[in-house]
Amino acid sequence: MPSIIIAFPKIEDAVNIKNVLVRNGYGVNATCTTGAQVVTIANELDDGIIICGYRFSDMHYSQLNGYLPKGFEMLLIASANKLEECTDNNIVCLSMPIKMADLISTLEMMHYNISRRRKREKDKPKARTEEEKAIISKAKLVLMERNNMTEEEAHRYIQKNSMDSGTNMVEMAEMILRLM
């Protein structure tokens, strides 16, 4: 579950929203009254959702959004005429007065987006280090010299054997170097 930070100029508003979220099974990491508090807490967390009002004593919601680290999404709760000024497509907006069902369903949608982004980042292949690239290149050179292969054929050979054996290409290249 992503981290949730609630920030409103009046602590009572933040506590009321926190109570609703806790009753619906969400964990709230912090309640804040200033943008600086939000930024400080957000910098300690990986990602999450900021539920906030339009203006704080020290900054505007758009400034706060600019200071947030990568991985955080903002849910702005304000009056309808204030939301008309919100032109940033990265900010999710709910108009006051809010219905609790709308708040919960919006949070579920934002939670789903964060989960999807986490999964995509986790599934992204890791870049090879220079050392790993060198090992693969050496194995290709050995295959090219000994088996009279082209560079592409050597690469495909390493790739196919690594897939067939369930190992990664670097491990397969190391096995080839050890055998030859």
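Small disclaimer: the values here were computed from a predicted structure and weren't measured. (Residues numbered from 1 in each chain as written. Predicted model: local features only at pLDDT ≥ 70, side-chain atom pairs only at ≥ 80, totals over all residues. Heavy atoms only, no water.)

**Details of the overall build of the protein**
Quick reminder of the rule: For the purposes of this entry, the term helix denotes a DSSP run of H or I that reaches at least four residues, the term strand denotes a run of E that reaches at least two, and both are numbered from the N terminus. C-alpha atoms define the radius of gyration in this analysis, and the globule rule sets the expected value at 2.2 Å times the number of residues to the power 0.38. Summary of the burial criterion: residues with accessible area below 20% of their type's maximum are buried, those above 50% are exposed, and those between are partly exposed, where the area comes from a 1.4 Å probe applied to protein chains only. By the convention used here, residues are in contact when the closest approach between their heavy atoms is within 4.5 Å. In short, Shrake-Rupley with a 1.4 Å probe defines the accessible areas, and a residue's cover is counted only from the protein chains shown. In this count, Lys and Arg are taken as positive residues and Asp and Glu as negative ones, while His and the chain termini are left out. Lys charges are placed at NZ, Arg charges at CZ, Asp charges at CG and Glu charges at CD.
Tallying secondary structure elements over the protein gives 8 helices and 5 strands in all. Secondary structure elements of the protein, listed N to C terminal, follow the sequence β-α-β-α-β-α-β-α-β-α-α-α-α. For the protein, whose C-alpha radius of gyration is 25 Å, the value lies well above the compact-globule estimate of 16 Å for 180 residues. Counting over 180 residues, the protein shows a buried share of 38%. Relative to all contacts within the protein whose residues are 6 or more apart in sequence, the contacts with residues 24 or more apart total 55%. Summing over all exposed atoms, the protein offers an accessible surface of approximately 11100 Å²; the carbon and sulfur share of this is 50%. Side-chain charges in the protein split into 23 positive and 24 negative, and the spacing between the mean points of these groups amounts to 3 Å.

**With respect to the nonpolar core**
Which entries qualify depends on this criterion: Here the nonpolar core consists of buried residues drawn from Ala, Val, Leu, Ile, Met, Phe, Trp, Tyr and Cys, with membership extended through side-chain atoms lying within 4.5 Å.
Core analysis: the biggest nonpolar cluster contains 22 residues, and Ile5, Val38, Ile50, Cys52, Tyr61, Leu64 and Leu68 have the highest contact counts within it. Of all the elements in the fold, those that place two or more residues in this core are strand E1 (3-7), strand E2 (30-32), helix H2 (35-44), strand E3 (48-52), helix H3 (61-67) and strand E4 (72-78). No other element matches the 4 residues that E4 contributes to this core. Setting aside its immediate chain neighbours within four residues, Cys52 contacts Ala7, Phe8, Tyr61, Leu64, Met74, Leu75, Leu76 and Ile77.

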